[in-house]
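Overview (structure and organization)
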2 protein chains.
Amino acid sequence: MSDPPVADAGRPRVLILGGGFGGLSAARRLAGADAQITLVDRRNHHLFQPLLYQVATASLSATSIAAPLRHILRRQRNLTVLMEEVTAVDLAARRVDCGSRWLDYDWLVIATGATHAYFGHDEWAPFAPALKTLDDAQSIRRRVLLAFEQAEREDDPERRQAWLNFVVVGGGSTGVELAGTLIELARHTLRGEFRHFDSRSASVRLVEAGPRLLAGYDPVLSDKARRQLERLGVQVHTGAPVTAIDAAGVNLGERRLPARTVLWAAGVAASSVGTMLGAPLDKAGRVRVDEDLGVPGHAGVFVIGDLASVVRPDGSPVPGVAPAAKQMGEYVGAMIARQLHGDDRPQPPFRYRDAGSLATIGRMAAVAQFGKLRLSGLPAWIVWLLVHIYFLIGFRNRLAVMLDWAWAYWTHQRQARIVSGTAPPRDD
Amino acid sequence: MSDPPVADAGRPRVLILGGGFGGLSAARRLAGADAQITLVDRRNHHLFQPLLYQVATASLSATSIAAPLRHILRRQRNLTVLMEEVTAVDLAARRVDCGSRWLDYDWLVIATGATHAYFGHDEWAPFAPALKTLDDAQSIRRRVLLAFEQAEREDDPERRQAWLNFVVVGGGSTGVELAGTLIELARHTLRGEFRHFDSRSASVRLVEAGPRLLAGYDPVLSDKARRQLERLGVQVHTGAPVTAIDAAGVNLGERRLPARTVLWAAGVAASSVGTMLGAPLDKAGRVRVDEDLGVPGHAGVFVIGDLASVVRPDGSPVPGVAPAAKQMGEYVGAMIARQLHGDDRPQPPFRYRDAGSLATIGRMAAVAQFGKLRLSGLPAWIVWLLVHIYFLIGFRNRLAVMLDWAWAYWTHQRQARIVSGTAPPRDD
């Protein structure tokens, strides 16, 4: 169990950028390979992103859905984890720049994922924070909990209500999940804890530009999701594109929604590493890869996960979800393992196996589709619960999350309602 | 279970500043009193400070040792929690300024505690962070974990070792606990996870200006604590006052200890609210209160907890520990309750009941004294474990902490090893 120095002389170098679902599964697929593998991430942890909204709404603590990358990969002796930020990729020289250090490679797997996008309205960012990292989640949690604290300090009824109005922009799964947990926070978790207002007077609105929620789902489930949200108390606005956001609210064309807290769940853009390659990109900034996920014209360079633009045989895009990233990581990892053994024959193209879609809405409310099967309400929620616990990485996390959820279910309480830092300045 | 508006007309007002052990126990003692009680804190949570070092060393998550004040006190209908920062106290006008709002009072309980102090060397603060709040703990955790990450990125052996050298300044219980958990982090938790060095090559030094560790304990136990720390691998320097601290290490007079990570556990100073009173202070800035904990010359104004300077009949000071703060809170709460009923007779003076002292050193290592009883090693550690779990506020937290500890005990792992934010800039 000691730490021998890396014996690196002459062994081929595989460099993996990003420790999300894609990068991690590529790395694991290469366990035991006779190669020198380096996994680079600018964070020290792998994040279970599908549950990030629960950190943002104070249901889970940050440490329950994240695990240190070097701990996950500690037994893989052919692999080094480095916490570095990629600043340039030089495909001609086959090396990657991380600030003051170059990393050379023989194979390169780029899995740096996606970030949020404001569709050309970056000026909205300070008023409508988005949810992509643990930092984002903790900052949203802070904003939401402090809004209720501000309402308790406010004497003017109209200004108080503005602190109790929440708007979630974007009706995809993150938006639906955020809106559902926010209304439960207001109606159940915080009930009875304030003296100057009833926390149930908080309003949560979910705003979607398109004609329906959960556009990737069957229209029947979109409709069920909407009805479940409305039953919980969320006001849903579809066909309502946002035209302006400021510190006091949101404009939907002529209509004004006053709200001190606006959350952004509407847009995703590919990581900036994509633009460093000089490869063809799609309009979301993702790299158009070959059918073996290779970057055209650069043997041994692959792009996987949310950064890859992959089209299915029926012409539809592979969605930017965790299972797709995992499958791509396994596919590329297996291909590199074969090439390390000198097997350079062309491989069958990557095929995405759709394992189904799941979105939770609230306590005992969810929607799910698996092939032709459609579920909603309690059965979908139970499936959602089991699937998410199962896929959480690490037994310890699974146990902690189960405990948190069981506790939250029986008591309507949330354990993670802690705001770091001190009281916000009073504003007018 | 609805939230009625506060019926405040005419009822006497009790204002409590601070939601630590002192303020919280005063508030609870006034449950059911026919008064209008306001508890003001600049944070939204009560913190179980005795375990803060475990958050700093990645053993516990922040949410396991903190609970929202308004949740703890939600059933106390005569009480309002406000998240405000106190900026001035006007004893003549009987009111407290919180930024743009005044709060009037009939009774005032000041329990704003203590903060850390650098004994006139505030220039050391950026190089040697101290541990008092959850923010402090999370920032120290980040520093410690990133030091190991920096070592993995560093090619020069001398510079790498500087990242693996840790110095803890101050041999009180916080310093002893920090040093003991740091060495376990290096020797056990992180073992086998780095490829460019052996994490057991990290060094942890504990530096104390006085002649022995744990000055408040029996000298026999000070000696046992030292030997237990040394057995774990900590190098202990007593009689070694720090003369300088910078980004690269610590000076003990002529001697230089190179270290990129220095933690400050040496000094405590009273909260600045004490200086707002115009009352006599001791040299640590604590308010010299009457024997009923009242501020001399100001009926109905009390100072409790770490901010109060209280002398025992034998001339020794009441220590700045959680049980003392709790006892003061109960004493003052009971006195105010009697005065609310019109009973203004003088009360017997406050008497501190010493419940004993406990400090943990590491896995199965601790020291404890209760009256004439002295314990060390495994028996002391078991007592420490039971006492701390018992006193943690909230059943949920108790369960989560037990789970974390059981897990850490069996696996040497720590669940909270997550650094938020991205890779630190490489420095030279």
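Residues numbered from 1 in each chain as written. Chains lettered and ligands numbered in written order. Predicted model: local features only at pLDDT ≥ 70, side-chain atom pairs only at ≥ 80, totals over all residues. Heavy atoms only, no water.

Here we look at the overall build of chain A
A tally of regular secondary structure across chain A gives 10 helices and 24 strands. Carbon and sulfur atoms form 54% of the exposed surface of chain A, whose accessible area is close to 17200 Å². (Helix = DSSP H or I, 4+ residues; strand = E, 2+ residues; numbered from the N terminus. Areas by Shrake-Rupley, 256 points an atom, 1.4 Å probe, with all protein chains shown as cover.)

Considering the confidence of the model for chain A
Residues and elements named next belong to chain A. Residues of chain A with pLDDT of at least 70 account for 89%, and the chain-wide mean is 89. Note that residues 1-7 has pLDDT below 50 and, in this model, 20 contacts with residues that lie over four places away or in other chains. For this predicted complex, the interface confidence reaches an ipTM of 0.84, while the overall pTM sits at 0.87. (pLDDT = per-residue confidence, 0-100. Contact = heavy atoms within 4.5 Å.)

With respect to helix α9 (residues 377-391) of chain B
All names here are of chain B. Spanning 15 residues, α9 covers 21 Å between terminal C-alpha atoms, matching the ideal 21 Å at 1.5 Å per step. Taken together, the buried positions of α9 are G377, A380, W381, W384, H388 and I389. Projected down its long axis, α9 shows its buried positions confined to an angular sector of 155°, all on one face. Exposed and oriented more than 90 degrees from the buried face of α9 are L386 and Y390. (Expected span 1.5 Å × (residues − 1). Buried < 20%, exposed > 50% of the residue type's maximum accessible area, 1.4 Å probe, protein only. Arc of directions from axis to C-beta.)

Some words on the packing of aromatic side chains
By the definition in use, this model includes 16 aromatic pairs over all chains. On the basis of an interplanar angle of 25° and a centroid distance of 4.8 Å, the ring pair of F194(B) and F197(B) is categorised as stacked. Of the two residues, F194(B) and F197(B), both sit in the buried class. Through a chain of ring-to-ring contacts, the aromatic side chains of Y118(A), F119(A), W124(A) and W264(A) assemble into a single cluster. One residue, R95(B), lies across the ring of W102(B), its end atom 3.7 Å from the ring centre. (Phe/Tyr/Trp six-rings, centres within 6.5 Å; stacked < 30°, edge-to-face > 60°. Lys NZ or Arg CZ within 6 Å of the ring centre and 35° of its normal.)

Section: the sheet that holds strand β9 (residues 107-110) of chain B
Residues and elements named next belong to chain B. On the basis of which strands lie adjacent, the open sheet formed by five strands has the order β5-β2-β1-β9-β20 and parallel pairing. In this open sheet, the two strands that pair with only one neighbour each are β5 (79-83) and β20 (301-303). When the angles between neighbouring strand axes are averaged without regard to direction, this sheet yields 15°. Examined bridge by bridge, strand β1 (residues 13-17) and β9 share four bridges and lie parallel to one another. Its bridge partner being in β9, L15 is matched across the sheet by L108. The strands that helix α1 (residues 21-29) touches are β1, β2 (36-41), β5 and β9; relative to β1, the one it contacts most, it runs at about 155°. (Pairing = 2+ DSSP bridges. Axes fitted to C-alpha atoms, helices over the stretch in contact; angles between N-to-C directions.)

Some remarks on the pairing of strand β7 (residues 95-98) of chain A
Residue and element names in this part refer to chain A. Relative to β7, strand β6 (residues 88-90) is paired through three bridges, and the arrangement is antiparallel. Note that in β7 the partner of D90 across the bridge is R95. What sits between the antiparallel neighbours β6 and β7 is a turn of four residues, in which R94 has the positive phi angle 55°. Looking at chain direction, β7 and strand β8 (residues 101-104) are connected through four bridges and run antiparallel. From the neighbouring strand, D97 faces β8, where its bridge partner is W102.

Examining the pattern of salt bridges
According to the stated counting rule, one finds 30 salt bridges over all chains in the structure shown. Put simply, E154(A) and R159(A) hold a salt bridge, and the shortest N to O gap is 3.4 Å. Residue class for R159(A) comes out partly exposed when judged on its relative accessible area of 41%. Several salt bridges converge on common partners, so that one network encompasses R70(A), E149(B) and E152(B). (Salt bridge = Lys/Arg side-chain N within 4 Å of Asp/Glu carboxyl O.)

So, the environment of Q161(B)
All names here are of chain B. Following the sequence through the fold, Q161 ends up in helix α5 (residues 157-164). The spacing of Q161 and T275 is 114 residues in sequence and 44 Å in space, taken between C-alpha atoms. Beyond its immediate stretch of four places on either side in the chain, Q161 contacts S201, A202 and S203.

Examining the sheet that holds β7(A)
Residue and element names in this part refer to chain A. Pairing in this open sheet of three strands is antiparallel, and the strands run β6-β7-β8 from one edge to the other. In this open sheet, the two edge strands, each paired with only one partner strand, are β6 and β8. Averaged over all adjacent pairs, the angle separating strand axes in this sheet is 20°, with direction ignored.

Focus: the packing of helix α1 (residues 21-29) of chain A against helix α8 (residues 322-340) of chain A
Residue and element names in this part refer to chain A. Taken N-terminus to C-terminus, the directions of α1 and α8 make an angle of 30°; their axes are 7 Å apart at the nearest point. Judged on the interaxial angle alone, α8 and α1 are roughly parallel. As α1 runs across α8, the sense of the crossing is right-handed. Residues F21, G22, S25, A26 and R29 of α1 form the contact with α8, whose own contacting residues are A322, A325, K326, G329, E330, G333 and A334. Tallied by class, residues from the contact of α1 with α8 come to five nonpolar, four polar and three charged. (Parallel < 35°, antiparallel > 145°, perpendicular 65-115°, else oblique. Left-handed = near helix turned anticlockwise from the far one by under 90°. Nonpolar A, V, L, I, M, F, W, Y, C, P; charged D, E, K, R; others polar.)

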